[in-house]
Amino acid sequence: MNSEPIIQLIDVKKRFGSQNVLKGINLSIYEGKTTVVVGASGQGKSLIIKHILGLVKPDSGKVIVYGKDINKIRKKELKEIRSNFGVLFQNAALFDSMTVFDNVALPLRERTKANEEEVKKIVDEKLDLMELEGSDDKYPAQLSGGMRKRVGLARALVLNPKIVFFDEPTTGLDVALSNEMYRVFYRTQTRLGYTAVIVSHDVPKILKLADYVALMHNGVIQDCLPPEDFQTSDNPVIREFVQKTMGYIYESEEVEG
Amino acid sequence: MPILRIFERIGDITLYYINQAGRMSIFLFHVIVSIFKPPYYKIFDITKQIYIIGTLSIFVIIFTGAFTGMVLGLQGYNTLRKFSSEGLLGSAVALSLIRELGPVLTALMVTGRAGSAICAEIGIMRNTEQIDALECMAIDPHKYILAPKFIASIISMPLLVAIFDVIGIMSGYLIGVKLLGVNEGSFFSSMYKNVEFIDVYMGLIKSFCFGLLVVWICSAKGYYVHMERKGGFGAEGVSRVTTSAVVLSSVLILVFDYFITSILI
Ligand SMILES: Nc1ncnc2c1ncn2[C@@H]1O[C@H](COP(=O)(O)OP(=O)(O)OP(=O)(O)O)[C@@H](O)[C@H]1O
Ligand SMILES: [Mg+2]
């Protein structure tokens, strides 16, 4: 942890009416590393991502991306920062009146000068990567939930972003396919070296991919640690989480030990 | 204290509407600025919207134009006959259509047909996070979704008004001259004599303003569906905001009609 973090949340608080969701989030994301955010449903993991993307403004606290407080900069600068992002929303947020092909092609068409031939080549390649060949002409409503997720992933990766945000990338995929997705992430990350922020419930498998694991509980990040340290942490909340999600191996050790 | 509660509520509602008016003005400003910013449009984006807003409205416009012209012929004839000046029918029909009814009725029909569709489309995009997704891709939704609709509406409205006027005058002619027996020569000569450039100019200004007004109100309402006072969630939120967009846009058309007339007359 010697280099400067590229994303930093400092004491971010957010409440909705009487519900106090984020009670002071502190989190640092380091360049080229994969940070996995875990935690029970409804704790505010997706909300943290939305704060980093600048879609939700915190009640107090700062969100700093590339050294700039994204709630204080001008629209143009925010747009520049966002041009480094590739985002998969939890609900995929595909453009529902466009075909799969056009969805994935949209960032290329709007943000680059690529001609139609190049667009087609790149989009086909990304769709193949996500094992979606043959669905180019379908509309999002005609896809299964898992396919929608994969179209969202293809769209998030199509411009080779510097930072990716995946909100539950493998929820709704079968085991074989989610393993394949992890392999794809691993391959693309080693090739492109992007920084990744992944929200996932797929513990322990996702830990193999992680450089850091952050546990979100009770409105705060309990700790952000490398996976090995995470699994052996003294923090009682993290210990409980590890025991619950990774199950009997650790429990039985405890019983035996 | 129930009395205080009432004032609190009135204050809340007032603040909400002031807030909404401000938000919608800023929205208008952003869209208009984005229209003139690069990247420039692919022509297809705009022609597609012109097709949706303009071309698909032509049939409705022809229909309403025809019946409006017919009823104007009928009413005008019966009123003018009392003063035995049926010969002025041509100018009466043409002036009321060109100055008032053409722009106003066309704008109302376009609000009902295209405005509601624009509002619902954008409201659904908002509620399903598609607008957030665009922003995160560093694509400006003002530029990408809204600007083509604004351009298309501003181009389409005057053309639709022109169609409405022509069809209306033709139907007034059919009823007045062919059915009720007004002299054909005096029908047209009174029209040539009394319709001046300022009348056409007024109709044109109105149709531009209404074109902007309809697309502005309807798209801004949809764009901010999540900030609605009564909750803009899901399908019901979109349906409610669409209704209120159509009502607001229709009312504002009539209000602006009065003010534009009073300025130009
Ligand atoms: N716009 C909003 N208005 C009101 N409450 C909200 C809003 N967005 C999120 N919340 C609340 O914030 C909490 C956190 O939501 P969030 O979607 O971040 O959960 P999550 O950790 O991603 O859960 P999951 O794992 O199920 O996706 C929830 O209790 C939710 O009700
Ligand atoms: Mg979530």
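Residues numbered from 1 in each chain as written. Chains lettered and ligands numbered in written order. Predicted model: local features only at pLDDT ≥ 70, side-chain atom pairs only at ≥ 80, totals over all residues. Heavy atoms only, no water.

Enquirer: What should I look at first to understand the sheet that holds strand 7 (residues 163-167) of chain A in this one?
Expert: Adjacent strands of a sheet form backbone hydrogen bonds with each other and so pair up, either parallel or antiparallel. Residues and elements named next belong to chain A. What the six strands build is an open sheet, ordered 6-7-8-3-9-10; its pairing is mixed. The open sheet has two free edges, formed respectively by strand 6 (85-88) and strand 10 (220-225), since each of these has just one partner strand. Between one strand and the next, the sheet's axes are offset by a mean angle of 15°, whatever the strand orientation. Pairing of strand 6 with strand 7 involves four bridges; the strand directions are parallel. Across the sheet, residue Val 87 finds its bridge partner in strand 7, namely Phe 165. (Pairing = 2+ DSSP bridges. Helix = DSSP H or I, 4+ residues; strand = E, 2+ residues; numbered from the N terminus. Axes fitted to C-alpha atoms, helices over the stretch in contact; angles between N-to-C directions.)

Enquirer: What is the right way to look at the pattern of salt bridges in this model?
Expert: Side chains that differ in sign of charge can pair as their charged atoms come close. Tallying each qualifying case throughout the model produces 17 salt bridges over all chains. The residue Asp 102 of chain A makes a salt bridge to Arg 109 of chain A at a minimum N-O spacing of 3.0 Å. Classification of Asp 102 of chain A as partly exposed rests on a relative accessible area of 25%. Glu 121 of chain B is the salt-bridge partner of Lys 149 of chain B, the closest N and O atoms lying 3.4 Å from each other. A residue pair is termed long-range when its members are at least 10 positions apart, and Lys 149 of chain B in helix 6 (residues 141-179) and Glu 121 of chain B in helix 4 (residues 89-127) qualify at 28 residues. For Lys 149 of chain B, a relative accessible area of 2% puts it in the buried group. (Salt bridge = Lys/Arg side-chain N within 4 Å of Asp/Glu carboxyl O. Buried < 20%, exposed > 50% of the residue type's maximum accessible area, 1.4 Å probe, protein only.)

Enquirer: Would you mind going over the confidence of the model for chain A with me for this structure?
Expert: Reading fine detail from the predicted coordinates is not recommended where pLDDT is low. Confidence in the prediction for chain A averages 90 pLDDT; 95% of positions are at 70 or higher. Averaged pLDDT values for the elements of chain A fall to 50 in helix 9 (residues 248-256) of chain A and rise to 95 in helix 1 (residues 45-53) of chain A. (pLDDT = per-residue confidence, 0-100.)

Enquirer: When you look at the sheet that holds strand 4 (residues 60-65) of chain A in this model, what are you seeing that I'm missing?
Expert: Residue and element names in this part refer to chain A. The strand order across the open sheet formed by four strands is 2-1-4-5, and the pairing between neighbours is antiparallel. Strand pairing shows two members of the sheet lacking a second neighbour, strand 2 (19-30) and strand 5 (68-69), which therefore form its edges. Pairing of strand 4 with strand 5 involves two bridges; the strand directions are antiparallel. Looking at the pairing, Val 65 lines up with Lys 68 of strand 5.

Enquirer: What is the right way to look at the interface of chain A and chain B in this model?
Expert: It is common to report an interface's size as the accessible area lost on association of the parts. On the side of chain B, 18 residues touch chain A, which itself brings 22 residues to the contact. Interface of chain A and chain B: buried area, both sides summed, is about 1800 Å²; carbon and sulfur atoms make up 59% of it. For the chain A face of the interface with chain B, the top three residues by lost area are Lys 75, Phe 95 and Glu 110 of chain A, together amounting to 28%. Our enumeration of links across chain A and chain B arrives at one salt bridge. At the boundary of chain A and chain B, one finds four residue pairs in polar contact (both at pLDDT 80 or more). A per-element tally of the side of chain A that touches chain B places helix 3 (residues 100-111) of chain A first, with five residues. (Contact = heavy atoms within 4.5 Å. Buried area = accessible area lost by both parts, 1.4 Å probe. Polar contact = N/O pair within 3.5 Å; in protein donor to acceptor, adjacent residues only side chain to side chain.)

Enquirer: Sorry if this is basic, but what is going on with the side chain of Thr 68 of chain B here?
Expert: Mapping Thr 68 of chain B onto the fold places it in helix 3 (residues 58-82). Discounting chain neighbours no more than four positions away, the residues touching Thr 68 of chain B are Leu 97, Leu 101, Leu 105 and Phe 164 of chain B.

Enquirer: Which parts of the structure should I look at to understand the coordination of the magnesium ion (ligand 2)?
Expert: Ideal geometry at a metal gives 109.5 degrees between four tetrahedral donors and either 90 or 180 degrees between six octahedral ones. In this structure, Ser 46 of chain A (OG) and Gln 90 of chain A (OE1) serve as the protein donors to the magnesium ion (ligand 2), at separations of 1.9 to 2.2 Å. Remark: Gln 90 of chain A occurs in the loop between strand 6 and helix 3 and Ser 46 of chain A occurs in helix 1; sequence separation between them is 44 residues. (Donors = N, O, S within 2.8 Å, 3.2 Å for Na, K, Ca; no water.)

Enquirer: Could you clarify how one ought to interpret the packing of helix 6 of chain B against helix 8 (residues 197-223) of chain B in this entry?
Expert: All names here are of chain B. Closest axis-to-axis distance for the helix 6/helix 8 pair is 8 Å, and the angle between their directions is 150°. Note on packing geometry: the crossing formed by helix 6 with helix 8 is right-handed. Residue-level contacts link Pro 141, His 142, Leu 146, Lys 149, Phe 150, Ser 153, Ile 154, Met 157, Pro 158 and Val 161 of helix 6 to Leu 204, Ser 207, Phe 208, Phe 210, Gly 211, Leu 212, Val 214, Val 215, Trp 216, Ser 219 and Tyr 223 of helix 8. (Left-handed = near helix turned anticlockwise from the far one by under 90°.)

Enquirer: In this structure, what is going on with helix 8 (residues 236-246) of chain A? I would like to understand it.
Expert: Along an α-helix, residues three or four apart share an orientation, since each turn contains 3.6 residues. Residues and elements named next belong to chain A. Residues of helix 8 that are buried: Ile 238, Phe 241, Val 242 and Met 246. What you see down the axis of helix 8 is that its buried residues fit within an arc of 100°, all on one side. Turned more than 90 degrees away from the buried face of helix 8 sit Pro 236 and Lys 244, all of them exposed. Put simply, Asn 235 is the residue that caps the front of helix 8, since its side-chain oxygen is 2.9 Å from the backbone nitrogen of Val 237. (Arc of directions from axis to C-beta.)

Enquirer: Quick question: what am I supposed to make of the environment of Asn 218 of chain A here?
Expert: Structurally, Asn 218 of chain A is set in the loop between strand 9 (212-217) and strand 10. C-alpha separation for the pair Asn 218 of chain A and Gln 43 of chain A, spaced 175 residues apart in sequence, amounts to 6.9 Å.

Enquirer: What's the story with the site of ligand 1 in this structure? I'm lost.
Expert: Residue and element names in this part refer to chain A. The environment of ligand 1 is formed by 13 residues, the closest being Ser 41, Gly 42, Lys 45, Ser 46 and Gln 90. Gln 19 is positioned such that a nitrogen or oxygen atom in its side chain is 2.8 Å from an oxygen atom of ligand 1. Between ligand 1 and the protein, one listed contact pairs an oxygen atom with a side-chain N or O atom of Ser 41 at 2.5 Å. Within the complex, the protein chains bury 63% of what would otherwise be the 640 Å² of accessible surface of ligand 1. Contributions of two or more residues to the shell around ligand 1 are made by strand 2 and helix 1. (Near = heavy atom within 4 Å. Areas by Shrake-Rupley, 256 points an atom, 1.4 Å probe, with all protein chains shown as cover.)

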